[in-house]
Amino acid sequence: MRKEDMVKLISAEGFEFVIDKDAAMVSQTINNMLTSPGSFAETQHGEVTFPEISTTILEKICKYFYWHLQFASGKETEFPIEPELTLELMMAANYLHT
């Protein structure tokens, strides 16, 4: 894949997730960050840092992005969420508009 087809998402702890841009665009917030007109660092470098989202939660969010691309077309499939992640994951999903 070409570099411009990938996006780097960086967690609060500095862990980097390199994912397909199409998957990242599931999030309206990330979509806005990467497609905004102007010279924003996110747009120029294709990376977004989330200082408030932990590595565990960001990993789960990345998995959800790929799940959404594969199954959101109407198939009856549930996305698994561990109970101990629910609150933090809901807060992150709310911020990311996913």
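The structure we're discussing is the one just above.
What counts, and where the lines are drawn
Each chain has its residues counted from 1, running along the sequence as written. Since the coordinates come from a predicted model, pLDDT governs what is reported: local features require at least 70, and pairs of side-chain atoms require 80 or more to be given and counted, while whole-chain, interface and lining totals use all residues. Side-chain measures here rest on the full set of heavy atoms in the structure, leaving out hydrogens and waters. A pair of strands is treated as paired once DSSP finds two or more bridges between them. Only DSSP runs of H or I reaching four residues or more are called helices, and only runs of E reaching two or more are called strands; each is numbered from the N terminus. Under this scheme, a helix contributes an axis fitted over its contacting stretch, all axes are lines through C-alpha atoms, and angles between N-to-C directions fall in the 0 to 180 degree range. Residue contacts are defined here by distance: any two heavy atoms, one from each residue, within 4.5 Å place the two residues in contact. Working definition: roughly parallel below 35 degrees, roughly antiparallel above 145 degrees, roughly perpendicular at 65 to 115 degrees, and oblique for all remaining angles. In this scheme the handedness of a crossing depends on how the near helix is turned from the far one: anticlockwise by less than a right angle means left-handed, clockwise means right-handed. Think of it as three bins: nonpolar holds Ala, Val, Leu, Ile, Met, Phe, Trp, Tyr, Cys and Pro, charged holds Asp, Glu, Lys and Arg, and polar takes everything else, Gly as well.

### A few points about the sheet that holds strand S2 (residues 16–20)
Strand order in the open sheet formed by three strands is S2-S1-S3, with mixed pairing between adjacent strands. Both edges of this open sheet fall to S2 and strand S3 (47–49), since each of them pairs with a single strand only. When strand polarity is set aside, the average angle formed by the axes of neighbouring strands in this sheet is 20°. Inspection of the sheet shows strand S1 (residues 6–10) paired to S3 by three bridges, in the parallel sense. In the sheet register, Leu9 faces S3, and the bridge partner there is Val48. Where helix H4 (residues 55–71) meets the sheet, its contacts fall on S1 and S2, and the angle it forms with S2 comes to roughly 5°.

### Observations concerning the packing of H4 against helix H5 (residues 86–96)
Remark: H4 packs on H5, axes separated minimally by 10 Å, with the N-to-C direction vectors making an angle of 60°. As summarised for this structure, H4 and H5 are arranged oblique, according to the angle between their axes. Judged by the twist between their axes, the crossing of H4 over H5 is right-handed. On the side of H4, the interface is formed by Ile57, Lys60 and Ile61, while H5 contributes Glu88, Leu89, Ala92 and Leu96. Its residues assigned to classes, the contact of H4 with H5 shows five nonpolar, no polar and two charged.

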